[in-house]
Amino acid sequence: QVQLVESGGGLVQPGGSLRLSCTASENIFNFNEMAWYRQAPGISRDLVASINVGGSINYADSVKGRFTISRDGAKKTVYLQMNSLKFEDTAVYYCNARILRSNFWGQGTQVTVSS
């Protein structure tokens, strides 16, 4: 069973930065795609950023130019660097890994942007 462990969430002021990490239990290149999603209370879980096995990257329009997804195969880890954070970035952030039609999720990490 694939396990994904997120870390790096916390409380940050508007304009600040955080880096989230998602460490997988197996080689991340086994996955077709890895991604970060987020979910705020009462709102659906939405895609933030994704990176596929070939290295193609997609971002939600709301985070383009502020967030960067990257990966380190040796560490079996995918990162989400979040800069210029805004109040509306507050959410639980989830790591996702997909193999064909199977999806695996981490437990989530809370990001709170507040002054």
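This text follows the structure it describes.
The sections below set out a description of the structure shown in this document. (Residues numbered from 1 in each chain as written. Predicted model: local features only at pLDDT ≥ 70, side-chain atom pairs only at ≥ 80, totals over all residues. Heavy atoms only, no water.)

Describing the packing of aromatic side chains
Thinking step 1. Using the criterion set out here, one finds two aromatic pairs in the structure.
Thinking step 2. Where Tyr37 meets Trp105, the ring centres are 5.0 Å apart and the plane angle is 65°; that geometry is what we call edge-to-face. Highlighted residues: Tyr37 in strand E4 (residues 33-39) and Trp105 in strand E10 (residues 102-105), separated in sequence by 68 residues.
Thinking step 3. Classification of Trp105 as partly exposed rests on a relative accessible area of 37%.
Thinking step 4. Arranged with centres 6.5 Å apart and planes meeting at 85°, the rings of Tyr94 and Trp105 form a pair that is edge-to-face. Linking Tyr94 in strand E9 (residues 91-99) with Trp105 in strand E10, this pair joins segments that are eleven residues apart in sequence.
Thinking step 5. Among the aromatic residues, those joined into a ring-pair cluster are Tyr37, Tyr94 and Trp105.
Thinking step 6. Here Arg45 stacks its cationic end above the ring of Tyr94, 3.6 Å away from the centre of that ring.
Thinking step 7. Directly above the ring of Trp105 sits Arg45, whose terminal nitrogen or CZ lies 4.7 Å from the centroid. (Phe/Tyr/Trp six-rings, centres within 6.5 Å; stacked < 30°, edge-to-face > 60°. Helix = DSSP H or I, 4+ residues; strand = E, 2+ residues; numbered from the N terminus. Buried < 20%, exposed > 50% of the residue type's maximum accessible area, 1.4 Å probe, protein only. Lys NZ or Arg CZ within 6 Å of the ring centre and 35° of its normal.)

All quantities given are derived from atomic positions and should not be read as evidence of function.
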